[in-house]
Amino acid sequence: MYRFTTAVGWNNGRIILIMLVAVLCHAPVFNYRHTLVLYPTLWSPNVCVCVGEGEPPHHPEIVHLYERLLAVETRGELVSRELTSVLVNLRNLTRLRINNTSSNIPGLLKRNLSLFSSRLPNTYLYLPHLRDNPDGLIPHVVVGQGRTGVSLVLGIPTVKRQKQSYLVSTLNSLLFDLSPSERNDTVIIVFVAETDIEQVNSVGALIKKNFPKDVHSGLLEVVSPSHDFYPNFSRLRETFGDSKERVRWRTKQNLDYSFLMLYAQAKGTYYVQLEDDIVAKPGYSQAMKTYVRSLASDDWMFLEFSQLGFIGKMFRTRDLPMIAEFFLMFHRDKPIDWLLDHILWVKACNPEKDVNDCNKQKGLLKLRYKPSLFQHVGLHSSLPGKLQKLKDKDFGKAPLFTAHSNPPAELSSSLEHYQQHTLERAYRGEDFFWGLAPVAGDFIRFNFPEPCKATGYRFRSGNLETNGDRFYNTTVEVLPSDGSVRDVLVGGQSPQYKGSHDGFIVIGSFVDGLAEGEIHTHIQPISAMRLLVHSNSDVWVLLSEIFIKV
């Protein structure tokens, strides 16, 4: 015969289930003395069951009942976490602080409110100081249009450096040769891992100034953590012979990467972890996507596009909550690259087998792409006083120009070239062209000995080392071999093209250093093509790619 009494209490927003079970064991009369046996659980109350004198402490019925109680307790924990998530979201709805003028408020709300609380309810276990500061989980969006649904999300944490900042050059490298379709299918998140609002806003202003179109399109975002996100770092335990400053630095890095990963998780399919002092190879975006599609197995956990540290690690975004939770769980204990290796060990290694087998199994979960697509270039680490001279030997030398086979042409230019970087060598695919600062009216001209049918063109200015030396306010023009064609195309009440005084037709212009397009058949054949500068420039010009497609 059994009697059950259930009490439900409320304690700081958590449901506490207290099961008080009175067990009357195997007797028709109630003349037994009963002794309370306490079963401590994961929660603060204890579950108590009564066992008669002389009854074995692990009676089968008692064990069965205890197992059922544990199942109820587990369900209670789940309900507790869900209610905690709801409460946090309700608080955030009234406290949300977004420094953004975008009209896409619903998207921003959804992105901010779901950052940690719904994706990682256990955050409060690993960062208990946030229980009293729920706003600490709200990202501060400095720059962003709320872009989601892309294939590729690139995460770049950055901090204020005592020496040189590499952020702008890193972004220039990543954006250098992205095609329009790749720009529309990518989000680059700059995570300013600082709580100084002036420093955060200065980075936002810097990016807006240097990349206004990419900010407006939603390709570039700038976010930072709340002032309350970080715990007190003064109580950290020094381990592995690291100084207190280094332990603080690596602990904060674990938190930074976790925050960034969780912010990025809902934005796309694949996430690539980068740093703010790297250079990317041209074509890196397409190379990564092609490699992923070529893999015979889908069992990998991450892909490596660089052999250095955490640079160039690609994850599926659906795996980021698990990875971030592991980092948060042990954020005080070890550096982040060690923690990533520990995840592999947990997933792949059999403790009963040797190290060689473990390494073999881990190798199936992390696949290496060669040659490397990203190179570390920074000398001064974000850890004050540390010099970082590591280089990826598999990266090779980044190409400074792209060679093509172009049709025979006579070349002329009003621009003075610098040293051996002549127009002729660039046209043959042997070098890049580098000229002194142009003025209005300067030109580069390609005369074809025989009229040719050119179907397209691509002129790229700047390169990875000198990305600022671009053509600005410069048009691409062609000269039809048949003058009557020009008269039809630029004349009449509704001209299809804009013409020049000397017979050329404007078919394109440089945008963000690139001029690319098709040449329609009704213009063919053409006798010449030219680049014409329409205003004075303060910088030199560099042509890293000349391609006239025939």
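Predicted, not measured: the structure shown is a model, and the values here were computed from it.

Criteria and cut-off values
Residues numbered from 1 in each chain as written. Predicted model: local features only at pLDDT ≥ 70, side-chain atom pairs only at ≥ 80, totals over all residues. Heavy atoms only, no water. pLDDT = per-residue confidence, 0-100. Contact = heavy atoms within 4.5 Å. Salt bridge = Lys/Arg side-chain N within 4 Å of Asp/Glu carboxyl O. Helix = DSSP H or I, 4+ residues; strand = E, 2+ residues; numbered from the N terminus. Buried < 20%, exposed > 50% of the residue type's maximum accessible area, 1.4 Å probe, protein only. Core = buried A, V, L, I, M, F, W, Y, C linked by side-chain atoms within 4.5 Å. Pairing = 2+ DSSP bridges. Axes fitted to C-alpha atoms, helices over the stretch in contact; angles between N-to-C directions.

Caption draft 1: Looking closely at the confidence of the model for the protein. Across the protein, the average pLDDT comes to 81, with 74% of residues at 70 or higher. Here residues 1-55 is modelled with pLDDT under 50, and outside its nearest four sequence neighbours on either side it reaches 104 contacts, counting other chains as well. The low-confidence segment residues 92-114, where pLDDT is below 50, has 39 contacts with residues more than four positions distant or belonging to other chains.

Caption draft 2: Seen up close, the pattern of salt bridges. All told, the structure shown has 19 salt bridges when counted by the stated rule. Between Asp-341 and Lys-362 there is a salt bridge, with its nearest N and O atoms 3.0 Å apart. Of the two residues, Asp-341 is situated in helix α11 (residues 336-348) and Lys-362 in helix α12 (residues 355-363); the sequence distance between them amounts to 21 residues. Since its relative accessible area comes to 27%, Asp-341 is described here as partly exposed. Judged by its relative accessible area of 8%, Lys-362 is buried. If you follow the salt bridges from partner to partner, you end up with Arg-425, Arg-428, Glu-430 and Asp-431 in one network.

Caption draft 3: How the structure looks around the nonpolar core. Membership of the largest hydrophobic core comes to 42 residues, with the highest contact counts inside it found for Ile-189, Met-261, Tyr-271, Met-301, Phe-310, Phe-315 and Phe-327. The set of elements that each furnish at least two residues to this core consists of α3 (123-126), β6 (150-158), β7 (186-192), α8 (244-264), α10 (320-329) and α11. Top contributing element to this core by residue count: α8, with 8 residues. Those residues in contact with Met-261, other than ones at most four positions away along the chain, are Tyr-271, Gln-273, Phe-310, Phe-315, Leu-320, Ile-323 and Phe-327. Core analysis: the next-biggest nonpolar cluster, separate from the first, contains 40 residues, Leu-178, Val-190, Leu-295 and Leu-303 among them.

Caption draft 4: Local environment of the sheet that holds β6. Ordered in space as β5-β8-β7-β6-β9-β12-β11-β13, the 8 strands form an open sheet in which the pairing is mixed. The outermost strands of the open sheet, each flanked by one partner alone, are β5 (140-143) and β13 (366-368). On average, each strand axis in the sheet is inclined to that of its neighbour by 25°, with strand direction left out of account. The pairing of β6 with strand β9 (residues 268-273) spans 5 bridges and is parallel. For Gly-155, the partnering residue across the bridge sits in β9 and is Gln-273.

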